[in-house]
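Residue-level structural notes
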Amino acid sequence: MLKKLKVKDVMSKEVVTVPPTEDVVFAFEKLMKHKISSLPVVDEDEKLVGIVTATDLGHNLILDKYALGTTVEEVMVKQVVCVSPEDDLATAVRKMHEYGSDDGIINQLLVLDNHDLAGIVSDGDIIRSLKV
C-alpha cells in the first residue's frame, strides 16, 4: 500500500509559513491558531530556509530560554528533511524514521518540487491514507 501511493496523493497543499524575521512568540501563536505542529521558514523569495516546530518553540518559551525579540531565524532548524511529490509513501515513512531522534520519528516532512515548497506531509496524513 505504501509503495502504491505517492506523497502528492496525501500531502497538504495549503502550507502556513513564517519568515525568518518573525518573533518566536508570534510564530508560536501562529502554530496554535492554525493547530499545526510545524512552520516552514521561507525567505522573501518564498524559498525554504528552515523549519520551526511547536514542540521546540513551546518548550523553550515555557522554560523562558528566549530573550525578548528572539527571531525564528535564530532558532530554526536549517537542515530540513524533505521529500518529492513523486516519492512513494514508503520513502516518506523511511525518512521520518531515519532522520528522527533516537526514540522517535519526524512527524512531518516538507514537500519540495524543483526546490519550491509544494506541501507538507505528516504522519497523520499517511495514517489516514491507510484503509484498514
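Below you will find a few notes about this structure. (Residues numbered from 1 in each chain as written. Predicted model: local features only at pLDDT ≥ 70, side-chain atom pairs only at ≥ 80, totals over all residues. Heavy atoms only, no water.)

Quick look at the pattern of salt bridges now. Going through the model one piece at a time under the given rule, you end up with 4 salt bridges. The residue E86 makes a salt bridge to K6 at a minimum N-O spacing of 4.0 Å. Of this pair, E86 sits in the loop between strand 3 (82–83) and helix 5 (89–98) while K6 sits in the segment before helix 1 (7–10), and the two are 80 residues apart along the sequence. Assessed through its relative accessible area of 30%, K6 is described here as partly exposed. (Salt bridge = Lys/Arg side-chain N within 4 Å of Asp/Glu carboxyl O. Helix = DSSP H or I, 4+ residues; strand = E, 2+ residues; numbered from the N terminus. Buried < 20%, exposed > 50% of the residue type's maximum accessible area, 1.4 Å probe, protein only.)

Next up on the list: the side chain of D43. Turning to its location among the elements, D43 is positioned in the loop between strand 1 (38–42) and strand 2 (48–53). The buried charged residue D43 lacks any salt bridge partner; its closest oppositely charged side chain belongs to K47, at an N-O distance of 7.5 Å. For D43, the side chain forms a polar contact with the main-chain nitrogen of D45, separated by 2.9 Å. Apart from residues lying up to four places away in sequence, D43 is in contact with P20 and V49. (Lys, Arg positive; Asp, Glu negative; His and termini not counted. Polar contact = N/O pair within 3.5 Å; in protein donor to acceptor, adjacent residues only side chain to side chain. Contact = heavy atoms within 4.5 Å.)

A word on the nonpolar core. Of all hydrophobic cores here, the largest spans 13 residues; its most connected members are V7, V83, A92, L109, V111, V121 and I126. Broken down by secondary-structure element, the contributors of at least two residues to this core are helix 1, helix 5 and strand 4 (108–113). Sort the elements by how many residues they give to this core and helix 5 lands first, with 3 residues. Excluding its chain neighbours within four sequence positions, the residues that come into contact with L109 are V81, V83, A92, K95, M96, I120 and V121. In terms of nonpolar packing, the next biggest core, distinct from the first, is built from 12 residues, V24, L31, L57 and Y66 among them. (Core = buried A, V, L, I, M, F, W, Y, C linked by side-chain atoms within 4.5 Å.)

In this section: helix 2 (residues 24–34). Every buried residue belonging to helix 2 is among V24, A27 and L31, and all of these are buried. Considered in projection along helix 2, the buried side chains sweep an arc of 60° and stay on one side of the axis. The inward-facing, buried residues of helix 2 abut strand 1, strand 2, helix 3 (54–62) and helix 4 (72–75). After helix 2 finishes, the residue K35 shows a positive phi value of roughly 55°. (Arc of directions from axis to C-beta.)

Nothing here speaks to function; it is geometry throughout.
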